[in-house]
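# Report on the structure
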Amino acid sequence: MPGLASDPGDSLVPFPPDVRDPVVYPVRHGVNAPIFRVYVSWTRGNLLQVACLRPPEADPAGGEEDEVSDEEIGGKIVEVKLGAGDGEISEAQRRRIAYGSVPAFALLQSRKNSLAAMSRMSASSIRTEWWEHVLDYSHHISDLLGNPMLPSSTVIEDPETVMQPHEEPTRLKAAWQLMEIFYVDKLSLTWLPERLVDWLADYDSLLTRTETTIHSKLAGLQKRLVNLQVVEDDPEYWEVMSLALAVGWLDTVVKLLRLHGSYQLDQLGSRETENGLVEAVAVLVSTMPRMRPHLPTGRLGQCYKTKPEFIKAWEKWRGHISKLDSSAFWVQCSHRQTREGLRNLLQIMLGKVSNLTSATCHWMELFISHFLYIRPFTMGLEGFHSLSQKCMQLRPSSSSSGLMCLLIGILGENPEVVLAECSKTFGPWMVVHAMELLTADNGHADILLHEERYNLGDISIEELHRLVYAQVLSSHPLTWQIAPTYLASCPKQGLGLLEILLYKQPVQHYQMILKNLEICRLYELENISSSIMKIAGTYHWKHGRKGSGVYWLQQARDEVRLNKIAQQLFEYIGKSISDDSFKQWEGLIELLGSQVGTAGGLEFLHKYRDFKRSLQQVQDGSSVDAARQTMESLIQLMKNPSTPQRFWLPLLHDSVKLLHWKAQPLLTVSETNLLLNKLQELSMAKLCPDFCEPNLPPEALSSVRLALATNLGRAILEEC
Amino acid sequence: MEKEVATVEKGALCCSWNYCGQRLAVGFVDGSISIHDSLDDSSSSCSSKWKAHASSIKNIVWLPPEFGDAIACISADASLSLWEEVEDDTQPLKWKMCKTFESSNAIVLDLQFGVYSTSLKMVAAYSDGHVKVYELLDPLELNKWQLQAEFQNVIDSVSRFGKPSCANVSIAWNPRRGESQQSSFVLGFNSDLPQFNSSKIWEFEEAHQRWLPVAELALPGDKGDRVHAVAWAPNIGRPYEVIAVATCKGIAIWHVGLNPESDGRLSKEKVALLSGHDGEVWQLEWDMSGMTLASTGADGMVRLWQCNLNGVWHEQAALECNGMQQ
């Protein structure tokens, strides 16, 4: 089949060679089978309206069983929202994130544009600063996705609370943070493993939905802790401690150690050595050297900023551990569980693989423990990928979450996979905003995302994703107005989509039209703004609001429609100036005010109104000035190209009486000649097939001609 | 994911949404039409219902919004009428008939409206294989139409063909609305004469004031295939047009060049043939960006098609609409 013939060899994203089956969603429309016809229509963005109609004739077989209400239903219309999220984040929260991320995105784009303009002058310094801008942006977005809970502020801390209560972490934020760590924050590259330790501390609970994690084990112990009489006899106590130590949750380990029974006052005497060992391990745990600039308050360990200092401290610390491990005190410790449990902790700190492996649940936890205890001197990304593969083999996971697939993509340095996972698991918002992180300092991703592709209609992958996201935004009446910001960042097709989006907005509300026109003005879309005004004008004109109809058509400079309206008005008032309807249409033109400018039809109507008014005055009285003014209006009207030809004869016919003005001729020779020429033109036009005969007495033309001829004669005599 | 927005009465045969998707016109078996307006909470209510024809309504098409709230409807008795919603001082808001097109010897099968610069054109295709293009003379009066052209959907206009009997026709205008753009549309028949069937793109040649076929969207072996539906994708900036044509063999996706080659024809390439619907395809609809195609068919499914980053078209998802089995 032609559609399937592409070579998997040049695939951007590794698609399985056979086309996967599409997901089938049943539409619960509540209409009983059979369905006779289905109609669809895209409305806003990704919203699809689906009409399911039943056969028009009653179905004799199933008809009797139907309920009465069903009998009356001919079909239902349902609105299907495509690409709705996974439900982790509520719709309202999603909208809050969408709105909140606009300023950061827009600022980053404008910085990008100004840097691109500057880059022609100095290219080298730009890259170095750029990731800092992206980091700003990333922090802003990260804050939107939820704030970490501040450490407990109570004065007296409950010693049995080993887990800090956190707000419910979201996968979205976890994913964002991962990308920030790996792609943007260059400063943290030197202490990357420690950043991952922090990340895991926040998001360990999200690693898998179905399997155990250290977090879930710890939560289990926390629940049982209040009821445990002698904690050190409980194997889970020791197990959880080893788990927490393996991933570097030192404060948790120390807290748990201090719950050991040997600390109790009545026990101190008999269990002195045992208590000494517990305390020694607690001290060792809490003084673990860590290769990082600082630690958040409440976290344990000693920070070292430079590698040499860290290495020195690390070796010293390891020496203490080995010394304790081989000390003679263990023999004197009579409590078996304590002895074994503590020595297991020491083995973990000494980096013994078998102990680490059994002290972790998920491969990601094992991965982190390797950095903490086996390869503490790792800098940058070296060996990350192979280590992650090794950990996955040791701790295979039966289910793979989107978050983990994303991490694997990042570790595999595979931006295609990262992008595909962002899109699949976290949706279009994530893709559009995370692309900025991906390209912050990654040449390969930069090329991948910005290369224009014929298959996509000559746009880049970056632009494609922005278009898709804008379409999602335009699916909801509360978010469509932020879509233009994203469309404006699409160099090739953004404005094209924006035009369609604006054209599809309803025009019933004045405020809405103003908003849409403002967007048109901002992006210089004159064509579409004129379309919107035309649509609004026609809508109001046809719905009895003639004033606002004309107003919008004027704004649109729609000469064709305005001329037609002028004609309609003209026909409407009839031919006689004494008609009552004169007042009506005069009122309408008055309503239009003095703004009537270039639009031809209305300009004509205005002049025509002036002419009719003065004609009426002349008939009421008989002042020469009024008569002369009327004739001037007539000449103006006849000279004006916007005066429709079909009005020429009625105009002249109305003025016959003035042409026969007794006291003096009111027109000069040249003026009379002009009118005669027009009359001649009219006689020629009469021969055309589409000539529209005015509703006048048949002798009108000849009476006008006679009046003009008489006037000409008198004017010649006058001017001699 | 889905939300019920309206219920239509018994006897509904066809329906059609207006440009912004807020109004829905439904045609009934008894010749009446109802209009449903969506309210703010995205439910909708029936704002009017009237009897438009003596026999059942087969198809309803909305006019472009620049020409008011108006619909064209085709009834089973071969008549075609235009209706618009108007209100003025003398009468309240109502749907008023403004024009009927009578045709003595053939039935109108489908019609579509296209806007070019300021004029409105209507192309209507008839059961005898004739295609008529009308132009609206006055943009505010929907009763003044002029027949601009009449032709048959064949490339070779000199040869004489028999009289075809057409069951169905599909028309789609080029949705691009630029001032400089030539008017063009694509049209395909479902008839018993093979020459008429294949979809052809017709373009108006300003110089000679005539319509010319500029591309035929069928491979040599498929020219006689009966066409069930066509849809022209909105083009927001692609260097080529995308047109979907459904025949009995499946849904073909065509890329068509923007500018004519030296022989006056447009370049064309069939990039995919999508199969999925068992049986006839009823309708094809492109989304606003022209990236997703929705199709409905006799299998009661709505299928959504997209092209991946490698240019391979595939079925992205399907909506099962077959209703509750009792």
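As the structure is a computational prediction, the values presented were derived from the model and not from experiment. (Residues numbered from 1 in each chain as written. Chains lettered and ligands numbered in written order. Predicted model: local features only at pLDDT ≥ 70, side-chain atom pairs only at ≥ 80, totals over all residues. Heavy atoms only, no water.)

### Looking at the interface of chain B and chain A
Put simply, the rule is: Any two residues whose heavy atoms approach within 4.5 Å at even a single point are treated as in contact. Put simply, buried area is how much 1.4 Å-probe accessible surface two parts lose in total, over both of them, once they are put together. Here, a salt bridge means any side-chain nitrogen of Lys or Arg that lies within 4 Å of a carboxyl oxygen of Asp or Glu. Note that Gly is not counted as nonpolar here; it falls among the polar residues with everything else outside the nonpolar set of Ala, Val, Leu, Ile, Met, Phe, Trp, Tyr, Cys and Pro and the charged set of Asp, Glu, Lys and Arg.
Counting residues at the interface gives 90 residues for chain B and 97 residues for chain A. Per-residue buried area on chain B facing chain A is highest for Leu140, Met288 and Leu309 of chain B; these three make up 10% of the total on that side. Connecting chain B to chain A are three salt bridges. The shortest N-O distance in the salt bridge between Glu79 of chain A and Lys3 of chain B comes to 3.9 Å. Of the residues contributing to the side of chain B that touches chain A, the split by class is 46 nonpolar, 23 polar and 21 charged.

### Digging into the sheet that holds strand E2 (residues 37–42) of chain A
Applicable threshold: By the convention used here, strands pair only if DSSP detects at least 2 bridges between them. Numbering of helices and strands starts at the N terminus; helices are DSSP runs of H or I of at least 4 residues and strands are runs of E of at least 2. Helix axes are fitted to C-alpha atoms over the stretch in contact, other axes to C-alpha atoms as well, and angles between N-to-C directions run from 0 to 180 degrees.
With respect to topology, four strands assemble into an open sheet ordered E2(A)-E3(A)-E4(A)-E1(B), the strand pairing being antiparallel. Each edge of the sheet is formed by a strand with only one pairing partner; in this case those strands are E2 of chain A together with strand E1 (2–9) of chain B. Between one strand axis and the next, the sheet turns by 20° as a mean value, whatever way the strands run. Strand direction decides the pairing type here: strand E4 (residues 73–81) of chain A and E1 of chain B, joined by seven bridges, are antiparallel. The residue of E1 of chain B that forms the bridge with Gly75 of chain A is Val8 of chain B.

### Side note on the nonpolar core
Residue and element names in this part refer to chain A. Inclusion rule: What is meant by a nonpolar core is a set of buried Ala, Val, Leu, Ile, Met, Phe, Trp, Tyr and Cys residues, joined one to another through side-chain atoms within 4.5 Å. Here's how the labels work: a residue is buried when its accessible area is under 20% of the maximum for its type, exposed when over 50%, partly exposed in between, all with a 1.4 Å probe on protein chains only.
In this structure, Met179 and Trp199 are the most contacted members of the largest nonpolar core, which totals 149 residues. Counting residues per element, this core draws most heavily on helix H19 (residues 415–438), at twelve residues. Phe604, Val618, Ile635 and Leu701 belong to the second-largest nonpolar core, a separate cluster that totals 30 residues.

### Brief notes about the packing of helix H5 (residues 171–184) of chain A against H19 of chain A
Between two packed helices, the angle of one axis relative to the other and the distance separating the axes together describe the packing. Residue and element names in this part refer to chain A. Going by this rule: Should an angle fall under 35 degrees it is taken as roughly parallel, and over 145 as roughly antiparallel, whereas 65 to 115 is taken as roughly perpendicular and any remaining angle as oblique. Each crossing gets its handedness from the near helix: less than a right angle anticlockwise from the far helix is left-handed, clockwise is right-handed.
H19 packs onto H5 with a crossing angle of 45° between their chain directions and a minimal axis gap of 11 Å. Classified by the angle between their axes, H5 and H19 sit oblique to one another. For H5 against H19, the interelement crossing comes out right-handed. Touching Arg171, Leu172, Ala175, Trp176, Met179, Glu180, Tyr183 and Val184 of H5 are Val418, Cys422, Phe426, Trp429, Met430, His433, Ala434, Leu437 and Leu438, all from H19. Residue classes in the contact of H5 with H19 are distributed as 14 nonpolar, one polar and two charged.

### Remarks on the UniProt feature "repeat: WD" (unreviewed entry) in chain B
The condition is simple: UniProt positions are given in the numbering used here, feature names are shortened, and annotations may be inferred rather than shown by experiment.
The UniProt record annotates "repeat: WD" (unreviewed entry) at residues 274–306 of chain B. Split by type, residues 274–306 of chain B is 0% helix and 58% strand. Its first and last C-alpha atoms lie 11 Å apart.

### Quick word on the pattern of salt bridges
Residues and elements named next belong to chain A. One pass over the full model with this rule turns up 40 salt bridges over all chains. Lys492 is the salt-bridge partner of Glu452, the closest N and O atoms lying 3.3 Å from each other. Within this pair, whereas Glu452 is found in the loop between helix H20 (443–450) and helix H21 (461–473), its partner Lys492 is found in the loop between helix H22 (483–488) and helix H23 (494–503), the two being separated by 40 residues in sequence. Three or more residues joined by partner-sharing salt bridges are found here, namely Glu194, Asp198, Arg290, Arg292 and Arg299.

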